[in-house]
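Below, each chain spelled out in residue letters.
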Amino acid sequence: MSESPWIELWRDFRCNRGALIGLAIVVALVLCAVFADLIAPYSPSEQYRDATLHAPAWQPVNGHRFLLGTDPVGRDVLSRLVHGTRLSLAIGLVSVGLSLSGGVLLGLLAGFFRGGVEFTIMRLTDIMLALPSLLLAVAVVAILGPGLMNAMYAIAIVMLPHFVRLTRAAVIGELAKDYVSASRIAGAGTARLMFDTVLPNCAAPLIVQATLGFSAAILDAAALGFLGLGAQPPTPEWGSMLASALEFIQSAWWVVTLPGLAILISVLAFNLMGDGLRDALDPKLKR
């Protein structure tokens, strides 16, 4: 009896210790985002004026305990970090979802319709890739206006060319295989060939790219928030938390260090998990 593909994938994935650590952190982040209202000890926007810039400590201040301290206006840093996890994962999910769906569609068109359609799509993606990603995101937000949703759209546009090129390359490789020719002979139309025959066999590299895209989306969202173009105060977004506390970097280290650590750990976890998926899904990289 043949082994299930999912069991085989898990067996290869768990051989990578770094990937397992990344997966564990990602699961913890997801649980933290889902149960943020239960985990966070206080509201992320509630201000305690008598405890501004309170250092991380166990000692209570007027009956309140701030495990990771407070920010310049007296908000609990731990609560804002927990709710920021929900926001960062939502940004990654929406941005990657938009760029993946659009990139797959354009990549399929470029791979199936060689000539003018392919030339137009690929030259546009080359132009977008020629621009620095953060600069392109800033330009898009400048056109659409600052805000969380516009930042998601900007990040999706920045990541779009990577999915287009990856999908096109995978499609061209699959079109040369015998099963596609057999499907054509059997009378399959272009739409069926694109979405039922070829696309499922291109899923592996797209899954890996989507996983790595989460880390890029979190970084870009933090950068836009730091520049004041992403989530606007008092939204508990990690980048905007860094921006609002930058002037206190020497006098109150925790208001800058802790959001930076949250970004670092999240990005590292998704990168480790993406590397593990790449090794597990690519037969050439299997040990």
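Predicted, not measured: the structure shown is a model, and the values here were computed from it.

1. A word on the overall build of the chain
Turning to step 1, where the next piece is worked out: Counting its secondary structure elements, the chain contains twelve helices and zero strands.
Turning to step 2, where the next piece is worked out: From first element to last, N terminus to C terminus, the chain shows the α and β order α-α-α-α-α-α-α-α-α-α-α-α.
Turning to step 3, where the next piece is worked out: Principal-axis analysis of the C-alpha atoms places the extent of the chain at approximately 80 × 50 × 25 Å.
Turning to step 4, where the next piece is worked out: If you take every contact in the chain between residues at least 6 apart in sequence, the share linking residues at least 24 apart comes to 69%.
Turning to step 5, where the next piece is worked out: For the chain, the computed accessible surface area is about 14,600 Å², with 67% contributed by carbon and sulfur atoms.
Turning to step 6, where the next piece is worked out: One way to put it: in the chain the 19 positive side-chain charges average out to a point 6 Å from where the 19 negative ones average out.

2. Notes on the packing of helix H4 (residues 77–112) against helix H12 (residues 254–281)
Turning to step 1, where the next piece is worked out: At a minimum axis distance of 11 Å, the contact between H4 and H12 shows a crossing angle of 35°. As H4 runs across H12, the sense of the crossing is right-handed. From H4, Val77, Leu81 and Leu89 reach across to H12, where they touch Trp254, Leu258, Pro259, Ala262 and Phe270.
Turning to step 2, where the next piece is worked out: Within the contact of H4 with H12, the residues separate by chemical class into eight nonpolar, no polar and no charged.

3. A short note on the environment of Leu23
Turning to step 1, where the next piece is worked out: Among the structural elements, Leu23 can be located in helix H2 (residues 17–34).
Turning to step 2, where the next piece is worked out: Overall, the relative accessible area of 25% leaves Leu23 in the partly exposed class.
Turning to step 3, where the next piece is worked out: Linking Leu23 and Ser95, residues 72 residues apart in sequence, is a C-alpha distance of 20 Å.
Turning to step 4, where the next piece is worked out: In this structure, Leu23 is in contact with Trp10, Phe13 and Met273, ignoring residues within four places of it in sequence.

4. Some words on the packing of aromatic side chains
Turning to step 1, where the next piece is worked out: Using the criterion set out here, one finds six aromatic pairs in the structure.
Turning to step 2, where the next piece is worked out: Each ring, one from Trp10 and one from Phe13, has its centre 6.1 Å from the other, and the planes form 25°; the classification is stacked. Of this pair, Trp10 and Phe13 both sit in helix H1 (residues 5–13), three residues apart, which is roughly one turn of that helix.
Turning to step 3, where the next piece is worked out: Between the aromatic rings of Tyr42 and Tyr48, the centroid separation amounts to 5.4 Å while the plane-to-plane angle is 65°, which identifies the pairing as edge-to-face.
Turning to step 4, where the next piece is worked out: These aromatic residues form a ring-pair network of at least three members: Tyr42, Tyr48 and Phe66.

5. Some details on the pattern of salt bridges
Turning to step 1, where the next piece is worked out: Counted under the stated rule, the structure contains eleven salt bridges.
Turning to step 2, where the next piece is worked out: With a closest N to O distance of 3.7 Å, Arg86 and Asp37 form a salt bridge. Taken together, the positions of Arg86 in helix H4 and Asp37 in helix H3 (residues 36–39) put the pair 49 residues apart, joining distant regions of the chain.
Turning to step 3, where the next piece is worked out: The exposed category is assigned to Asp37, whose relative accessible area is 55%.
Turning to step 4, where the next piece is worked out: A salt bridge links Glu118 to Arg114; its shortest N-O distance comes to 3.0 Å.
Turning to step 5, where the next piece is worked out: One salt-bridge network, in which partners are shared between bridges, spans Asp71, Arg75 and Arg80.

6. Focus: a nonpolar patch on the surface
Turning to step 1, where the next piece is worked out: A surface patch of nonpolar side chains, about 650 Å² in accessible area, is lined by Val27, Val30, Leu31, Val34, Phe35, Leu38 and Ile39.
Turning to step 2, where the next piece is worked out: Looking at the nonpolar patch, the elements with two or more residues in it are H2 and H3.
Turning to step 3, where the next piece is worked out: Among the elements that line the nonpolar patch, the one with the most residues is H2, at four residues.
Turning to step 4, where the next piece is worked out: Relative to the helices and strands, Leu31 resides in helix H2.

7. Describing the packing of H4 against helix H7 (residues 148–175)
Turning to step 1, where the next piece is worked out: Two numbers describe how H4 lies on H7: the axes approach to 5 Å, and their chain directions differ by 40°. Handedness of the H4/H7 crossing: right-handed.
Turning to step 2, where the next piece is worked out: Its residues assigned to classes, the contact of H4 with H7 shows 24 nonpolar, seven polar and one charged.

Scoring rules and cut-offs
- Residues numbered from 1 in each chain as written.
- Predicted model: local features only at pLDDT ≥ 70, side-chain atom pairs only at ≥ 80, totals over all residues.
- Heavy atoms only, no water.
- Helix = DSSP H or I, 4+ residues; strand = E, 2+ residues; numbered from the N terminus.
- Contact = heavy atoms within 4.5 Å.
- Areas by Shrake-Rupley, 256 points an atom, 1.4 Å probe, with all protein chains shown as cover.
- Lys, Arg positive; Asp, Glu negative; His and termini not counted.
- Charge placed at Lys NZ, Arg CZ, Asp CG, Glu CD.
- Axes fitted to C-alpha atoms, helices over the stretch in contact; angles between N-to-C directions.
- Left-handed = near helix turned anticlockwise from the far one by under 90°.
- Nonpolar A, V, L, I, M, F, W, Y, C, P; charged D, E, K, R; others polar.
- Buried < 20%, exposed > 50% of the residue type's maximum accessible area, 1.4 Å probe, protein only.
- Phe/Tyr/Trp six-rings, centres within 6.5 Å; stacked < 30°, edge-to-face > 60°.
- Salt bridge = Lys/Arg side-chain N within 4 Å of Asp/Glu carboxyl O.
- Patch = residues over 30% accessible without salt bridge, like charges linked within 9 Å, V, L, I, M, F, W, Y side chains within 5 Å.

Remember, this is a structural readout, not a statement about activity or role.
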